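What follows is each chain in one-letter form.
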Amino acid sequence: MTLYHQDEMLALHQGDASDVLRTLEAGSVGAVVTSPPYFGLRDYGMAGQLGQEATVAEYVARLVSTFAEVRRVLADDGVVWLNLGDGYTSKSGPRRQGTTGLPPKNLIGVPWKVAFALQADGWWLRNAIVWTKPNAMPYSGTDRLSNVYEHVFFLAKSDRYAFNLDAVREPYTGDRTPSRRARKPGPKKANSITSAWPPPGHEDRGHNPGDVWAMPTQPFKGAHFAPMPLRLAARCVAASFTSDCGAHTTSADAGRGAPGCGAHSTVLDPFCGSGTSLVASLAAGRRAIGVDLNPEYLSVALARCRDGK
Ligand SMILES: C[S@@+](CC[C@H](N)C(=O)[O-])C[C@H]1O[C@@H](n2cnc3c(N)ncnc32)[C@H](O)[C@@H]1O
């Protein structure tokens, strides 16, 4: 476990997520945006890596115990955005029958197993966002549909937490004309649309983006896995803080005095890989802390944070 890099806005730690989190101050982070290794998918080639456990139950238990450390480090009103993908059992390999208790060709349901286990451990599950990937690889077989989405669970440490809906509203896409029923004379049903939408005066507020997010994956040279889209991380960061601490903020402001941009204005990614969530945090004027087992990924993350993309 080593401190790989530190400056006023960014800290990068090399080591196991749980080990590093134990060294961080309690309540020092406002939000966590992360995508841990999926169960039995990629071998990141590092001793102690998550995702290569002998059973899915062990994988879930290890994530829950890492998240107990996340909860300690998180401010009481802090939030977590947890991206997880699923997978099928296979005849051999890390998802063979013995790892799940299911015969081959079964969708395991890993994200929901993790979400339920986190709930049982005291987390508030506030949304199960479906991240659909318009450019997802099509399934080459003919016996089922292609998988084109992953989950992003939005979790809170308590029932009172910071959430900035206004920061993630989407523009209205034009007027909805009143329905035929609404235009007909006579009494209207309660749910008839009788006026243009949005109502006058609300045109520029935008609407709630909802819990289905369509965002293409962005291939990234230099990494052997698909990083999270920057847009996805940016939306999570923006929704996590109630005070504006935008890119216009100088690093000195963000680190110290600006209202709401102090100690809690920090985003943590305990499995930061190429650092997408860190780049999004810095772009929003938030401090960022990244952890990864693999120093090569930390060097990619540092370069990206310096480039700002
Ligand atoms: C899915 S990738 C994260 C990708 C990242 N969101 C991005 O945009 O590049 C998961 C990362 O977790 C790291 N990792 C695996 N086991 C770990 C552990 N026990 N502690 C910390 N990092 C770990 C891997 O090296 C890998 O970089």
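Because the structure is predicted, anything quoted here is derived from the model rather than measured.

Let's talk about the sheet that holds strand β9 (residues 287–292)
Taking strand neighbours across the sheet as the criterion, the nine strands line up as β1-β2-β9-β8-β3-β4-β6-β5-β7 in an open arrangement whose pairing is mixed. With partners counted over all chains shown, the strands left at the sheet margins are β1 (2–6) and β7 (212–214), one partner each. Recorded for the sheet is a direction-independent mean angle of 20° between the axes of neighbouring strands. As paired elements, strand β2 (residues 10–14) and β9 share five bridges and run parallel to each other. Following the sheet pairing, alanine 11 is matched in β9 by isoleucine 289.

Overview of the nonpolar core
Residues Tyr59, Val80, Leu82, Val114 and Leu268 are the most contacted members of the largest nonpolar core, which totals 35 residues. Broken down by secondary-structure element, the contributors of at least two residues to this core are α1 (17–22), β3 (29–34), α2 (56–73), β4 (74–84), α4 (110–120), β6 (149–156) and β9. Counting residues per element, this core draws most heavily on α2, at eight residues. In terms of nonpolar packing, the next biggest core, distinct from the first, is built from 21 residues, Val79, Phe154, Trp213 and Leu232 among them.

Some details on the packing of aromatic side chains
Per the counting criterion, the structure on display carries nine aromatic pairs. Consider the rings of phenylalanine 67 and tryptophan 123, whose centres lie 6.2 Å apart with planes at 70°: the pair is edge-to-face. Of this pair, phenylalanine 67 sits in helix α2 while tryptophan 123 is found in the loop between α4 and β5 (124–132), placing the two residues 56 residues apart along the sequence. According to the relative accessible area criterion, tryptophan 123 is buried, its value standing at 3%. Where tryptophan 81 meets tryptophan 213, the ring centres are 6.2 Å apart and the plane angle is 35°; that geometry is what we call tilted. Residue tryptophan 81 is found in strand β4, and its partner tryptophan 213 is found in strand β7; the two are separated by 132 residues along the sequence.

Comments concerning the layout of surface pockets
Here the second largest pocket defines a volume of roughly 310 Å³. Lining the second largest pocket are 18 residues; nearest its centre among them are Gln6, Ala11, Thr266, Arg287 and Ile289. Looking at the lining of the second largest pocket, the elements with two or more residues in it are β1, β2 and β9. Of the residues in the lining of the second largest pocket, the class split is nine nonpolar, five polar and four charged.

Examining the pairing of strand β8 (residues 266–269)
Of the two faces of β8, the one holding Thr266 and Leu268 and the one holding Val267 and Asp269 are both buried throughout. Alignment of β3 against β8, held across two bridges, turns out to be parallel. Among the inter-strand pairings, valine 32 is bridged to a residue of β8, identified as leucine 268. In this structure, β8 lies alongside β9, joined through four bridges in parallel fashion. Paired with leucine 268 across the bridge in β9 is isoleucine 289.

Cut-offs used in this document
- Residues numbered from 1 in each chain as written.
- Predicted model: local features only at pLDDT ≥ 70, side-chain atom pairs only at ≥ 80, totals over all residues.
- Heavy atoms only, no water.
- Pairing = 2+ DSSP bridges.
- Helix = DSSP H or I, 4+ residues; strand = E, 2+ residues; numbered from the N terminus.
- Axes fitted to C-alpha atoms, helices over the stretch in contact; angles between N-to-C directions.
- Core = buried A, V, L, I, M, F, W, Y, C linked by side-chain atoms within 4.5 Å.
- Buried < 20%, exposed > 50% of the residue type's maximum accessible area, 1.4 Å probe, protein only.
- Phe/Tyr/Trp six-rings, centres within 6.5 Å; stacked < 30°, edge-to-face > 60°.
- 1 Å grid on protein atoms, 1.4 Å probe; cavity = no way out; pocket = protein on both sides within 12 Å on 5 of 7 lines; lining within 4 Å.
- Points joined across faces, edges and corners; volume = space filled by probe spheres on them.
- Nonpolar A, V, L, I, M, F, W, Y, C, P; charged D, E, K, R; others polar.

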